[in-house]
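Descriptive analysis of the structure
The residues making up each chain are set out below.
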Amino acid sequence: MAGKCKWCSGDMEVFLPYARLSLCRSHFRNYVVRRVKRTIERYGMINSGERVLVALSGGKDSLVLLHILSTLRDSDDPKFSLKCEVEAVTLDLGIKGYSERCIAVARAHCEKLGVPHHTIKAAELAGFTMDDVASRRGRPTCSVCGVVKRYVLNKVGVEMGFDRLATGHNLDDEAAVLLSNYLSANVELLSRQSPVLPAREGMISRIKPLFEVSERETAMYAQFQGLAPVDGKCPYAIAPSTLKFKMVLNMLEEEVPTMKISMVRGFLEKVKPLLKKGETGPLRRCVACGYPSSSEVCSFCRLKKIYGPM
Ligand SMILES: [Zn+2]
Ligand SMILES: [Zn+2]
């Protein structure tokens, strides 16, 4: 691809079809960082001075999120600055060989970016490792892992007094889940789908600052910034059910370059307000641990009973 950056005399390295923009490496970085800042402001994700905990898996998207938030935190230029405190947490899920590598990658990037890093032994809290779960027949390991991650990240965020828990979900993730929920007419899940969930008692506010940045963009950002995500996939990873929706959306986007962003924004601005009812049911508490739960005993505590030591 020959050509020049729209904003300087540098060579074009990225073309963004939806914006008809040719950018050099450094203007691409600025473009993404500013977009994330605008997303954060538009959706009220982080107020000045708040403490943000990044859920840092060591994968590409969470590293990009960490890099962008620390860039915003450190910048003196009003176009790129956001007053907030940033820390990161990585869970040790007890996946031999893999968990250790994720933690090492996360720690190395935090050190480089000057971000305090916490490692939490999620397997100890649960009383079982993901290796234990995988070795027994029953629920798919990924689904058990998802419950444990959600529960432990929330608990850590609440107990350490953070204002927000930030996750690395990108535009492709959001659009795929949205399409899946539309097609199954899952009004309950649709009404809860949001890039920013407010705090409730016992629940930290959850934010997705990258939800307007596409998968392709986070991949390029990671590459250009020299971020080195954990090598290889989790040994228990299965193709997520959203994969086919991502493929369909990519096909559609070849025809209509703004498909994903207009789908997600259109939902949030026009459809979601109509679904507002039923968004927040009465808050129940798990009788075993006291954290919010939709049933008498929360799914984390039920898993502890199934997989944990007697
Ligand atoms: Zn440029
Ligand atoms: Zn519980």
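Higher on the page you've got the structure.
Residues numbered from 1 in each chain as written. Chains lettered and ligands numbered in written order. Predicted model: local features only at pLDDT ≥ 70, side-chain atom pairs only at ≥ 80, totals over all residues. Heavy atoms only, no water.

1. A few points about the coordination of the zinc ion (ligand 2)
Those protein atoms acting as donors to the zinc ion (ligand 2) are C286 (SG), C289 (SG), C298 (SG) and C301 (SG), and they sit at 2.3 Å. One can describe the site at the zinc ion (ligand 2) as tetrahedral: its 4 donor atoms subtend angles covering 104 to 116° at the metal. For the zinc ion (ligand 2), the donor residues sit on a single chain with the sequence spacing C-x2-C-x8-C-x2-C. Here C286 is found in the loop between β9 (284-285) and β10 (292-293), whereas its partner C298 is found in the loop between β10 and α12 (299-307), with 12 residues between them in sequence. Among the residues examined, C286 registers a relative accessible area of 3% and is labelled buried. C298 gets classed as buried once you look at its relative accessible area, which sits at 5%. (Donors = N, O, S within 2.8 Å, 3.2 Å for Na, K, Ca; no water. Tetrahedral: all angles 85-135°; square planar, octahedral: opposite > 155°, others 65-115°. Helix = DSSP H or I, 4+ residues; strand = E, 2+ residues; numbered from the N terminus. Buried < 20%, exposed > 50% of the residue type's maximum accessible area, 1.4 Å probe, protein only.)

2. Comments concerning the packing of aromatic side chains
Taken as a whole, this structure holds 7 aromatic pairs when the rule is applied. On the numbers, 5.5 Å between centres and 45° between planes, the contact of F128 with Y307 is tilted. One end of the pair, F128, is in the loop between α4 (122-126) and α5 (130-135); the other, Y307, is in helix α12, and 179 residues separate them in sequence. Exposure class is identical for F128 and Y307. Each is buried. (Phe/Tyr/Trp six-rings, centres within 6.5 Å; stacked < 30°, edge-to-face > 60°.)

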